[in-house]
Amino acid sequence: MDAQQVRQEVVRLLREVPRAPEQPFPGGADDLELADLERRLGEPIPSVLADWLQVCKGEAIGPGGVYGARFGLDPNDVAARRAAHPSWREQGWLPVAGDGCGNTYVLSTRGPLIGSVGFVDGSEPDDMAYVVASDLWRFLWFLFRAETGDRRWPFDQHSVLAADPALAALPGELMPWAGSA
């Protein structure tokens, strides 16, 4: 799938991901909410993240929620999540989702992994355990497919690389399957 097809599929899957019956779909962030998030982060939001947040401003879906532009101390707010880990700012990481077990998926905003999404284990919050997608939209596609029944991501090397071939260009030691053999 090309980037536009992935984006369209994410938007479709977003409506299928299980959510609590009392939780309506929150919709996307408006310009005021994005400006507030940038102010609280103290830096511009990457365009790919702003694009996603205009679709969904953060919601308690998926295993641990997708983070976004949520005013105040909402647990699904990017700025609130990053504030708990000062080193993430220095490393150029923006939290974008949780796994429901205290671990976080982060968007890398600079350095050799720029644009990719990595997994940070809550027991070692200053280190990226592995990279799970080459970009934010593919990450969301993988995450939402996993929530709707596809259990191959992120450890099935063949299926992950078939769906995200750009992942193969990133350092091999940061692949989810690097430790297995």
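Residues numbered from 1 in each chain as written. Predicted model: local features only at pLDDT ≥ 70, side-chain atom pairs only at ≥ 80, totals over all residues. Heavy atoms only, no water.

Engineer: Whenever I open this one, the overall build of the protein chain confuses me. Can you help?
Structural biologist: Helix and strand counts for the protein chain come out as 7 helices and 4 strands. Order of helices (α) and strands (β) in the protein chain, N terminus to C terminus: α-α-α-α-α-β-β-β-β-α-α. Against the compact-globule benchmark of 16 Å for 181 residues, the protein chain has a radius of gyration of 15 Å, which places it among compact chains. The principal-axis extents of the C-alpha atoms in the protein chain amount to approximately 45 × 35 × 30 Å. Classification of the 181 residues of the protein chain by burial places 49% in the buried group. Partitioning the intrachain contacts of the protein chain with sequence separation of at least 6 by distance along the chain shows that 49% fall at a separation of at least 24. Accessible surface computed for the protein chain: about 8600 Å², of which carbon and sulfur atoms make up 54%. The average position of the 16 basic charges and that of the 26 acidic charges among the side chains of the protein chain differ by 4 Å. (Helix = DSSP H or I, 4+ residues; strand = E, 2+ residues; numbered from the N terminus. Rg over C-alpha atoms; globule rule 2.2 N^0.38 Å. Buried < 20%, exposed > 50% of the residue type's maximum accessible area, 1.4 Å probe, protein only. Contact = heavy atoms within 4.5 Å. Areas by Shrake-Rupley, 256 points an atom, 1.4 Å probe, with all protein chains shown as cover. Lys, Arg positive; Asp, Glu negative; His and termini not counted. Charge placed at Lys NZ, Arg CZ, Asp CG, Glu CD.)

Engineer: What is the right way to look at helix H2 (residues 31-41) in this model?
Structural biologist: An α-helical turn contains 3.6 residues, so a residue and the one three or four places further along point in the same direction. For H2, the set of buried residues is Glu33, Leu34, Asp36, Leu37 and Leu41. An end-on view of H2 places all buried positions within 160 degrees of arc, on one side of the element. Seen from the buried face of H2, the exposed residues on the opposite side, beyond 90 degrees, are Asp31, Leu32 and Arg39. Looking at the buried side of H2, the elements it contacts are helix H3 (47-53), helix H4 (78-83), helix H5 (86-91) and strand E1 (93-98). The backbone nitrogen of Leu32 lies 3.1 Å from a side-chain oxygen of the residue at the head of H2, namely Asp30. (Arc of directions from axis to C-beta. Polar contact = N/O pair within 3.5 Å; in protein donor to acceptor, adjacent residues only side chain to side chain.)

Engineer: What exactly am I supposed to notice about unusual backbone geometry here?
Structural biologist: Note: most residues except glycine have negative phi, and most peptide bonds are trans. Residue Trp153 is joined to Pro154 through a cis peptide bond whose omega torsion reads 5 degrees. With respect to the helices and strands, Pro154 occurs in the loop between helix H6 (136-147) and helix H7 (157-163).

Engineer: Help me understand the nonpolar core in this model?
Structural biologist: Soluble globular proteins: nonpolar side chains tend toward being buried together. By size, the foremost hydrophobic cluster in this structure holds 56 residues, and its most contacted members are Trp52, Phe139 and Phe144. Of the residues forming this core, the biggest block, 9 residues, is contributed by H6. (Core = buried A, V, L, I, M, F, W, Y, C linked by side-chain atoms within 4.5 Å.)

Engineer: Whenever I open this one, the pairing of E1 confuses me. Can you help?
Structural biologist: On any regular strand, side chains alternate: one points to one face of the sheet, the next to the other face. E1 sits mainly inside the fold: 6 of its 6 residues count as buried. Where E1 and strand E2 (residues 104-108) come together, 5 bridges link them in antiparallel fashion. Looking across to E2, one finds that Ala97 is bridged to Tyr105. As consecutive antiparallel partners, E1 and E2 are separated by 5 residues, and within that stretch Gly100 has a phi angle of approximately 85 degrees, a positive value. (Pairing = 2+ DSSP bridges.)

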